[in-house]
Amino acid sequence: MLLPGWLDAAAQSRLVAACREWARPPAGMHTVRMPTGGLMSVRMVSLGWHWYPYGYSRTAEDGAPVKPFPPGLGALARQAVAEAYGADAGEVAGAAGYAPDIAIVNHYPHGARMGLHQDRDERTDAPVVSLSLGDTCVFRLGNTETRTRPWTDLELRSGDLLVFGGPARFAYHGVTRTLPGTADPALGLTGRLNITVRQSGL
């Protein structure tokens, strides 16, 4: 479910400011090295539980305890799920009693991308909430079986809300590119921030 412009300018600015605080060490923003040895082109910080390939821990990359999951972000994510699904929330797995406890903030500098992947490290099929800030990106939403077609490419702009749950919860997805210079200069942000909120089931 895509809700364009769900966050107004003031809400976007508040979240950008919050992301700057969350990014500070200890347990701050870092670059992830995959088991194959390659480095991801995005930088990230986790809240609530620390994500690593392919699991979660209570300890961040630098050995510090992971930052707590912010209650205000949880309330925003619950509102997002409620508005995305409306009266149909009871028919979407995990939507009606949505209880998020993880956030992963990804920063996409110019030229960064995210390969097609599934979010399978949680022990629940509750929806994933995705909030976009800054530069527009081309987001690729694929199928649940393979990284190949069929997929749908759509532009996610600053303030957009994307919620994927139900049959799409385990769809392959990624970011093929960002569009530099498309952010509102008032945000004071270079590149793109993506906040994904999840329920761990842990």
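Please read these numbers as outputs of a predicted model, since none were measured by experiment.

A. Local environment of the sheet that holds strand β11 (residues 161-164). On the basis of which strands lie adjacent, the open sheet formed by 7 strands has the order β1-β11-β8-β13-β6-β3-β2 and antiparallel pairing. Of all the strands in the sheet, the pair left with one neighbour each is β1 (2-3) and β2 (30-33). Bridging between β2 and strand β3 (residues 39-47) involves 3 bridges; their strand directions are antiparallel. Bridge assignment links Thr31 to a residue of β3, and that residue is Arg43. The sheet contacts of helix α1 (residues 9-22) involve β3, β6 (102-108), β8 (128-134) and β13 (192-198), and relative to β13 the element is tilted by about 85 degrees. Packing against the sheet, helix α2 (residues 71-85) makes contact with β1, β3, β6, β8, β11 and β13, and its axis sits at approximately 75 degrees to β11.

B. Quick look at the sheet that holds strand β7 (residues 114-117). Across the sheet, 4 strands lie side by side as β7-β12-β9-β10; this open sheet has antiparallel pairing. Looking along the sheet, the strands with just one partner apiece sit at the ends: β7 and β10 (152-156). Across the sheet, the axes of successive neighbouring strands diverge by a mean angle of 25 degrees, strand direction being ignored. In terms of strand pairing, β7 meets strand β12 (residues 173-179) through 2 bridges, oriented antiparallel. Its bridge partner being in β12, His117 is matched across the sheet by His173.

C. Structural detail: the layout of surface pockets. Space inside the largest pocket adds up to approximately 540 Å³. What lines the largest pocket is a set of 30 residues, among which Trp51, Met114, His117, Gln118 and Asp119 lie closest to the centre. For the lining of the largest pocket, the elements supplying multiple residues, two or more each, are β3, β6, β7, β8, β12 and β13. Here the second largest pocket is characterised by a volume of approximately 160 Å³. Taken together, Val16, Cys19, Arg20, Ala23, Met29, His107, Gly188, Leu189, Thr190 and Leu193 make up the lining of the second largest pocket. Sort the elements by how many residues they give to the lining of the second largest pocket and α1 lands first, with 3 residues. Tallied by class, residues from the lining of the second largest pocket come to 6 nonpolar, 3 polar and 1 charged.

D. Representation of the pairing of β6 within the structure. Among the 7 residues of β6, 7 are classified as buried, and the element is accordingly described as predominantly covered. Every second residue of β6 is oriented toward a common face, with Ile102, Ile104, Asn106 and Tyr108 on one face and Ala103, Val105 and His107 on the other, all of them buried. Summarising the sheet, β3 and β6 pair through 5 bridges and their orientation is antiparallel. From the neighbouring strand, Val45 faces β6, where its bridge partner is Val105. Sheet topology note: the β6/β13 ladder contains 7 bridges and is antiparallel.

About the cut-offs
- Residues numbered from 1 in each chain as written.
- Predicted model: local features only at pLDDT ≥ 70, side-chain atom pairs only at ≥ 80, totals over all residues.
- Heavy atoms only, no water.
- Pairing = 2+ DSSP bridges.
- Helix = DSSP H or I, 4+ residues; strand = E, 2+ residues; numbered from the N terminus.
- Contact = heavy atoms within 4.5 Å.
- Axes fitted to C-alpha atoms, helices over the stretch in contact; angles between N-to-C directions.
- 1 Å grid on protein atoms, 1.4 Å probe; cavity = no way out; pocket = protein on both sides within 12 Å on 5 of 7 lines; lining within 4 Å.
- Points joined across faces, edges and corners; volume = space filled by probe spheres on them.
- Nonpolar A, V, L, I, M, F, W, Y, C, P; charged D, E, K, R; others polar.
- Buried < 20%, exposed > 50% of the residue type's maximum accessible area, 1.4 Å probe, protein only.

Geometric descriptors of this kind do not, in isolation, establish any biological role.
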